[in-house]
Amino acid sequence: MPLMWPELRQHAPLPGQRPTRHEPAPQHFRTRADPPPKPSGRRVFRLPPDDREVLWLYLLTRAGLWVTAYGARWLFPADPDTRKADSVLAPFQQWDWYHFLHIARDGYFPDGAGPWLSHWDNREAFFPGFPLLLRAVHVVVPHWTVAGLLISFVAGGVAVVALARIARLHLSGADAGRRAVLFLLLSPCAVFLAVGYTEALFLALALPAWLAAQRHNWPLAAALTALATAVRISGLFLAAAIAAHFLLAARRHWRALPWLALPALPAALYSWYLHVHTGDWLAWKHAQERGWYRDFHAPWDAWSHTWTGAFGRTQTTGYAFMFQAELLALLAGLLLLAVLLKQRRWPEATYIGLTLWALGTSYWYTSIPRATLLSWPLWITLAAWSLRRPRIKTVYLCLAAPLSTVFALTFFTGRWAG
């Protein structure tokens, strides 16, 4: 007799015995008289374990930044002789936050004010996506600062999950997603993901857009990129990268080609809005030139001016340190661009190249370290390197941890200069 599984062998007929027919058990169909089935208790929506691990890491780093903010208000007050610390939310109310607050609360041109007045704050340099969302959340959350922190907190969670999924899509290591997120969350300028700024919201839209493009869902990628463009002008750089990915895709869905023009719509509408109020189609660009010296200069001139600010003893030590960070961030960006070009990752190279060109052609470098947060190929490349050479992770953490603390304290104490 041939070998059988135990549960089949017990029903096998003996020699000379007719096989017996086993009728299947009758199926029970619920009738109207039957009570409804009890709920199984399982949740309808449950994140995979890898995503939950990434969110746990995200929560831990948020707690670390909140502890740093709490200590900063006690240890580094504006008045060293004070006996009372500032409010709990005071460390988060710094610099660009007031621009977003004024736009959300008062609009771009309140009571006829505008760039034609002296001491104008140049608020039109900031795109309307974040202020509009801030105003909407404020309807439910009355405190403006809490509303801004809530937006960044939720958006940051979405961003890290999307980044981890992109890393797992490109890298074979089981730990690839968590490593990419770890490098992002412990980067020197990661404090901007935890405050009421645009970085977290932009990544929450841009990274899912890139993930949709990798899966050739072009309408979704274009729609998310359009929303990202409403938050930051960097969305147009992302749109160019997605267009390059579309052209290089093995299967081009030409019917989806018109969708690729959608990301330009928010920028065009915003320019039209500014033109109506100021008569200037590029009012946002001119506001950046007035407030942050973002007028065009040759790349070598921009490098020279930044180098002088960093090492020429023309600036105070705080500003000189920030200029040094700008130079280092630009070099890191150029190295990343060279790696992407060598690996023929043309879409990612398009995004990084446009970003470096936009930030590296001002009078001097401004906000390049912050822009590294938006350079998702950087974090995936570091994850790939660390999977091949584990020491890279150790070196990065040892160098990034003190810098992250310094930058966080600099921001929370109101001494940020970049």
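Residues numbered from 1 in each chain as written. Predicted model: local features only at pLDDT ≥ 70, side-chain atom pairs only at ≥ 80, totals over all residues. Heavy atoms only, no water.

Peer 1: Report on the overall build of the protein, specifying residues and quantitative values.
Peer 2: Broken down by element type, the protein carries 17 helices and 0 strands. The burial tally for the protein puts 46% of its 418 residues in the buried class. (Helix = DSSP H or I, 4+ residues; strand = E, 2+ residues; numbered from the N terminus. Buried < 20%, exposed > 50% of the residue type's maximum accessible area, 1.4 Å probe, protein only.)

Peer 1: Kindly report on the confidence of the model for the protein, identifying the contributing residues and their values.
Peer 2: Mean pLDDT over the protein: 89, with 89% of residues reaching 70 or higher. Per-residue pLDDT stays below 50 along residues 1-16; that stretch engages in 4 contacts with residues further than four places along the chain or on separate chains. Counting contacts from residues 18-41, a segment whose pLDDT is below 50, to residues more than four positions away or on other chains yields 7 contacts. (pLDDT = per-residue confidence, 0-100. Contact = heavy atoms within 4.5 Å.)

Peer 1: Which residues make up the pattern of salt bridges, and what values do they have?
Peer 2: Scanning the model with the defined rule gives 12 salt bridges in all. Its salt-bridge partner being Asp51, residue Arg165 comes within 2.5 Å of it at the nearest N-O pair. With Arg165 in helix H5 (residues 144-170) and Asp51 in helix H2 (residues 49-75), this pair connects stretches of sequence that are 114 residues apart. On the basis of relative accessibility, which here comes to 30%, the residue Arg165 falls in the partly exposed class. According to the relative accessible area criterion, Asp51 is buried, its value standing at 1%. Among the ionic pairs, Glu289 bridges to Lys285, the shortest N-O distance being 3.1 Å. Highlighted residues: Glu289 and Lys285, both in helix H11 (residues 283-292), separated by 4 residues, approximately one helical turn. Using a relative accessible area of 28% as the deciding quantity, one classes Glu289 as partly exposed. Within this structure, Asp96, Glu199, Arg232 and Arg370 form a network of salt bridges that share partners. (Salt bridge = Lys/Arg side-chain N within 4 Å of Asp/Glu carboxyl O.)

Peer 1: Go over helix H9 (residues 234-248) with me, naming the residues and quoting the values.
Peer 2: For an α-helix, the turn length of 3.6 residues means that residues three or four places apart are oriented alike. Over its 15 residues, H9 extends 22 Å from the first C-alpha to the last, a length consistent with the 21 Å expected when each residue adds 1.5 Å. Buried positions along H9 lie against helix H7 (199-214), helix H8 (218-231), helix H14 (346-359) and helix H16 (376-388). (Expected span 1.5 Å × (residues − 1).)

Peer 1: I'd love a proper account of the environment of His297, names of residues and values included.
Peer 2: Mapping His297 onto the fold places it in the loop between H11 and helix H12 (299-311). Expressed as a C-alpha distance, the spacing of His297 and Thr361, which sit 64 residues apart in the sequence, is 5.1 Å. Not counting residues within four places of it along the chain, the set of residues in contact with His297 comprises His305, Thr361, Ser362 and Tyr363. Here Asp295 takes part through its backbone oxygen, which lies 3.2 Å from a polar atom of the side chain of His297. (Polar contact = N/O pair within 3.5 Å; in protein donor to acceptor, adjacent residues only side chain to side chain.)

Peer 1: Account for the nonpolar core, with residues named and values stated.
Peer 2: General note: in soluble globular proteins, nonpolar side chains tend to be found buried as a group. In terms of nonpolar packing, the biggest core is built from 118 residues, with Leu163, Ile242, Tyr351, Trp379 and Phe412 touching the most fellow members. Dropping the residues within four chain positions of it, Phe412 is found in contact with Leu65, Thr68, Ala69, Ala72, Pro91, Phe92, Gln94, Val191 and Val195. (Core = buried A, V, L, I, M, F, W, Y, C linked by side-chain atoms within 4.5 Å.)

Peer 1: A description of helix H3 (residues 96-106) should follow, citing residues and the corresponding values.
Peer 2: Those residues of H3 lying buried are Asp96, Trp97, His99, Phe100, Leu101, Ile103 and Ala104. The inward-facing, buried residues of H3 abut helix H4 (129-138), H5, H11 and helix H15 (368-371). Downstream of H3 by one or two residues, Gly107 has phi in the positive range, about 90°.

Peer 1: Explain the packing of helix H13 (residues 317-342) against H16 to me, using residue names and the numbers behind them.
Peer 2: For the pair H13 and H16, the least separation of the axes is 11 Å and the interaxial angle reads 70°. Between H13 and H16, the angle is such that the two are roughly perpendicular. Residues Leu336, Val339 and Leu340 of H13 pack against Pro377, Leu378, Thr381 and Trp385 of H16. For the contact of H13 with H16, the residue count by class is 6 nonpolar, 1 polar and no charged. (Axes fitted to C-alpha atoms, helices over the stretch in contact; angles between N-to-C directions. Parallel < 35°, antiparallel > 145°, perpendicular 65-115°, else oblique. Nonpolar A, V, L, I, M, F, W, Y, C, P; charged D, E, K, R; others polar.)

Peer 1: Talk me through unusual backbone geometry; I want residue IDs and the actual numbers.
Peer 2: Of note, Tyr293 is a non-glycine position whose phi angle comes to about 55°, a positive value. If you trace the backbone, Tyr293 turns up in the loop between H11 and H12.

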